[in-house]
Each structure stands twice: as C-alpha cells, then as structure tokens.
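Overview (structure and organization)
Single-letter residue listing:
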Amino acid sequence: EGVDSECDIYISYNKNDSLLGKLGGGESPFTEEELSSTTDPKMIKEELEKMGYKVSTSHDDITVNLDKTVASIKSCKVFVSCISTEYANSNHHRMEIQYAKNSARKPLIPVIVGTGDRTWMSTVVGMLIAGELYIDFTRISKFEEKFGALSREVDTLAGSGGSNGGKPVAERRPNPEKDVFISYCWSNSYLAAECHQVPALSGAKFNDPRQIKTLLEERYGLRVWLDIEQLTSGQQIGMFEQISDGLVNSKCVCAFISTEYAHSINCKMEFQFAVKSLRKPFLPIVVGRDNDWVSSVIGALVVGSGHEPRDLLGCESQADLDRELDEIYNQIKGHLEQVSEADEADEVGLKSRAPQIGDHVISHHFKHSYFTATIVRFIKEEMSYEIEWDDGDPTGRVQKYDMVAVNLEPDDDDLGVGQRVFFPQGSYGATEGNNTGGRRYHEGIIDNVEDVDGRKVYSGHHLRGDDDGKWVTYRQYNYRFHDLSKVQLRVAPNAMDVLMDTKKLHG
C-alpha cells in the first residue's frame, strides 16, 4: 500500500483514523471501541478496488516521497479526502488537499471519518471544503448507504471501473427510500453558519433544520434525506437529478420556510416540484426571522394547501425545541400513516410545467426577447429545447429549459411576489424573407399582487435591461408592467420537472 505515481483515485487519510492501521502497529489517540464504530478509510479503499479502480493512498507517513505524492495526485481522476480533526491537524494532509484542490484542480470528494468530533470545521481544511457537499462515514452502521453515494459520484467523475458494473455492496442501488425529505435554505442553518458555509445566519440555534434532522433520526427512528449527506455531485444537472430522485423516494416533506427560502431559486424549485408535481404530503415549518414569505409563491402554495404552518420563530431554548419536536413528529407520523404503497408507486396525474414535443411555447430568442414557437425536441445533455418559431425565423432555435414556457395560463399558486415570469409588451413587424411579425414577450419579476373585483392582478418590472444587452428602445417599452392577469403571464418549468418528464418518456 502507498503512493503510486499513476492511479484512478487518490485517497488521502490519517492513519490515526484507521483501526486496521492501529492493529498493524500504528499509534492512535482513539480506543479500538471508538474506531470500530466509525468507517475505516481502508474499507473505502478496498471497496473501490473491488469496483476495478486503481487506488493510491497516503496516510501521513513522513517517509513518503513528496515527488511521488504530487505525481500521483496529478494523475488521479478523483481526489477523496477522508476528513477528521486528526486529518485537519496534519501539515501533510493540509498540503495534499490544498494541492489537489487549488493547484491540480482535481474533482474533490470530501468524506467525513473519525469519531464525530467536528472541530476540524474551523481549520484550514474546513475552510477549503466550506460549501462543498460531503459524505458522512462516521457511523459504520450506515456504511453501505454512504458507500453507495460515494461510488455513484466516483463513477460519474472517474468512469465505471468494474467490468461487472461495480456492485461490491448491496446498497449501490440508487435512492433508498426515506420517510422524510428536509427542504431548507442554508442561510437558516446555525450549523451551516458555524461551518462558514453561508456568509450570515438568518435564524437561531434552536430552529436549525440540520439539527432537527438529526433529532428526528435519533429520537424517533425516522429515515431522513438531507442534502449535505445525500448529494454527491457538484454538477448542476447531476445535483438536480439527485434532489428530484430524493423527493420521489421520500414519503413526505418537511419544508423549513422563511423569506430566504422563498427568495431561493433552488428552494422554490424543490417545494414546487414536491407539492405541485409529485403532490407529496408536506409539513410547512416557519424558521428564519420574519413572515415576509407569505406574499411569495411559497406562501400561495402553503395557503392553498390548507396546511397550518408550524411556527418555530419563537424557539429560544432546547426545551422550546423539544416541545416542538414532539408536535412535528406527530404530524409527520400522520402523513406517513396516510401514504400507501399504491400512492407512492402511482405516477398517474402528476403535474408538470415542462414542455413536451409539439407544445406551443413562449421562448427566448436573442438579447432577452421572447416569442412564440413550437417544441421539436429536448436535448438532455444541454438541458435545452430545439424549437420552430411561429414566424419562420431560422435563427436561435436551441434555448435553455428555463428560457422556455408552455403557452398556457399558470395556476394561481404559480404566481406571487418574487416569481419570475414572461409577460407581453409590444409587438414587432414582419421582416422580408425572415419572419412574419408578432407579439413580444419579456422576462420579468412580480413585485406586487392585488385583488381587484375578486380577481388577482400582478405588477412587476423587467429583469433585464440595457446593461444586459437587451433592446429597450422599441416603441412600447416600459420598465414596469401593471395589473396583468394570470391569463397574460407565462411561467418557465423548473429543472426537476424537466428531468422527471425526460425519465418518464425515456426511462
């Protein structure tokens, strides 16, 4: 074992975190009992080798040739960092991870080992992986599940290594079923702020979604999906697929709602996909600092659902949280009792805003102008649609998924303050030999909703301007739009709807 100048995967770990290393004569500050309850990095290495990968390791051996270490990191396809406090306090490992991440720019997969001590978070190593999604191997009882997540990410980044498809453990099947999916904004997590994963905390220590997740598992035995433990891909499409699969394979959703949550594109996407597309039972839990989210799309969905939000804004102590936890669990339990296997398996009636081939749409063309078209095909690798313009224009026929919207009236709960929409403003004339003319649409955002004579009207403004390259000198241009009805507005699909529909069509 040791550093090899050529490898598929480079695993960096501290020998003090290895029970096998200790039994082989290594010195560890931990007892055998402590080490036997956590994952030995050598187990990770052995399983990856069973998959057919060539794995090189370095475990803080001062006799290791640094030239070989550098050559090995340079040659690897993936750098796996087995992080613990012992690891973070090692100059050798600090050098390895800094070189891999900052100099060699290798794909980095951080995995957490050791006895669960998190003081490494405030070290240089902690800063280097701040904001990264890591896989927690600190509980040996979850090894199969966690190795399944690691192996999927390694396969993505390094290519499938084993000739048999690489299935050394049973849990390599994707997306094991969960009882609860935790949907939250990192800005509302005290633990995320402590790890410097967000610039500032909007919330409190005793309503942290991450802490609540841990307590739901430990006190009530629930199986809970949380992004930092389940996501293994930093690539956007891979991340969206994993989140959508996590939602599909969870029985219900705990949505930790806040103003920050309502303003987050990804949080809105999760919530809308869960509630509107999958129709998952959900429990809204209010965190953060205020209730400004009520006027948003999130607020419209919560109000329309009839669910009374659980308010944790007043949680100021562990005793407060303990009382709320019992109520949260009781509501989750009620949802779980109502979910039948038939309901989970049945996809009939699932609702999606994603365009299908042949659908009439409003689509981006050039310079933030939008016109009517028809869908020809979907290009998954690019998350784009190929279209045919109604006016016959031959240019600009491939557009990103979020720049295209089905030309149908949205639902009431699709619209609210902060929602991005396409709205009509102005028209354009025919161009000889190029197009026949028609109505212009533009990208905007709603900033006001009013009830007028029993119906809602929406006002807002352009999202793009002259600085973005948008043409703003056409005759009917106005920065704002006023009192439009939902009949006049269009809403683009989110990535999860698009990916779900693609899976339904193509498997």
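Residues numbered from 1 in each chain as written. Predicted model: local features only at pLDDT ≥ 70, side-chain atom pairs only at ≥ 80, totals over all residues. Heavy atoms only, no water.

Description of the overall build of the protein
The condition is simple: Under the DSSP-based scheme used, a helix requires at least four consecutive residues in state H or I and a strand at least two consecutive residues in state E, with every element numbered from the N terminus. Only protein chains enter the accessibility calculation, which uses a 1.4 Å probe; a residue is then buried when its area is under 20% of its type maximum, exposed when over 50%, and partly exposed in between. Whether two residues touch is decided by their heavy atoms; if any such pair falls within 4.5 Å, the residues are in contact. We get accessible surface area from the Shrake-Rupley algorithm with a probe of 1.4 Å; when it comes to residues, only the shown protein chains can shield them.
Scanning the protein from terminus to terminus reveals 18 helices and 19 strands. Burial statistics for the protein: of 507 residues in total, 53% are counted as buried. The long-range share in the protein, meaning contacts at least 24 apart out of those at least 6 apart in sequence, stands at 69%. With the model as given, the accessible surface of the protein reaches about 22400 Å², and the carbon-plus-sulfur share is 47%.

Let's talk about the side chain of Asp227
So the rule is basically this: Positive residues here are Lys and Arg, negative ones are Asp and Glu, while His and the chain termini are left out of the count. Whenever a carboxyl oxygen of Asp or Glu lies within 4 Å of a side-chain nitrogen of Lys or Arg, that contact is scored as a salt bridge. Counted as a polar contact is a pair of N or O atoms within 3.5 Å, where, for protein atoms, one must be capable of donating a hydrogen and the other of accepting one, and residues adjacent in sequence contribute only when both atoms are in side chains.
Within the secondary structure, Asp227 sits in helix 11 (residues 227-230). It turns out Asp227 is buried and unbridged, and the closest side chain with the opposite charge, Arg210, is 5.1 Å from it. Here the side chain of Asp227 touches Trp186 through a polar contact of 2.8 Å, side chain to side chain.

Considering the sheet that holds strand 2 (residues 55-58)
So the rule is basically this: Note on pairing: two strands pair once DSSP finds at least 2 bridges between them. Helix axes are fitted only over the stretch in contact, all axes being lines through C-alpha atoms; the angle between N-to-C directions runs from 0 to 180 degrees.
In spatial order, the strands read 2-1-3-4-5; together these five strands make up an open sheet with parallel pairing. The open sheet has two edge strands with one neighbour each: strand 2 and strand 5 (135-136). Taken strand by strand, helix 8 (residues 143-158) contacts strand 1 (9-12), strand 3 (78-83), strand 4 (108-112) and strand 5, and its axis lies near 170° from that of strand 4.

Describing helix 15 (residues 297-305)
When we look at burial in helix 15, the residues that qualify are Val297, Ile298, Gly299, Ala300, Leu301 and Val302. Elements in contact with the buried residues of helix 15: strand 8 (250-257), helix 13 (259-263), helix 14 (265-277) and strand 9 (282-286). Its side-chain oxygen placed 3.3 Å from the backbone nitrogen of Ile298, Ser296 serves as the N-cap of helix 15. The positive-phi residue at the C-terminal boundary of helix 15 is Gly306, with phi of around 85°.

So, the nonpolar core
Spelled out, the test is: Side-chain atoms within 4.5 Å link the members of a nonpolar core, which is a set of buried Ala, Val, Leu, Ile, Met, Phe, Trp, Tyr and Cys residues.
One finds Leu216, Leu247, Phe271 and Ile332 to be the most contacted residues of the largest nonpolar core, which totals 92 residues. Leaving out residues up to four positions away in the same chain, Leu247 has contacts with Phe181, Val253, Glu270, Phe273, Ala274, Leu278, Lys280 and Met496. The next biggest cluster of nonpolar side chains, apart from the first, holds 22 residues, and it includes Ile9, Tyr53, Val111 and Ala158.

Describing the sheet that holds strand 10 (residues 310-311)
Taken in spatial order, the five strands make up an open sheet running 7-6-8-9-10, and their pairing is parallel. Since the sheet does not close on itself, it has two edges, and those belong to strand 7 (224-225) and strand 10, each with one partner. Sheet topology note: the strand 8/strand 9 ladder contains five bridges and is parallel. Bridge pairing in strand 9 links Ala255 to Pro284. Packing against the sheet, helix 14 makes contact with strand 6 (178-183), strand 8 and strand 9, and its axis sits at approximately 140° to strand 8.

A short note on unusual backbone geometry
Phi is positive for Met383, which is not a glycine, with a value near 50°. Looking at the element boundaries, Met383 is found in the loop between strand 12 (370-379) and strand 13 (384-389).

So, the side chain of Asp179
With respect to the secondary-structure elements, Asp179 resides in strand 6. Residues contacting Asp179, with those up to four places away along its chain left out, are Leu222, Arg223, Ser250, Lys251, Cys252 and Leu336.

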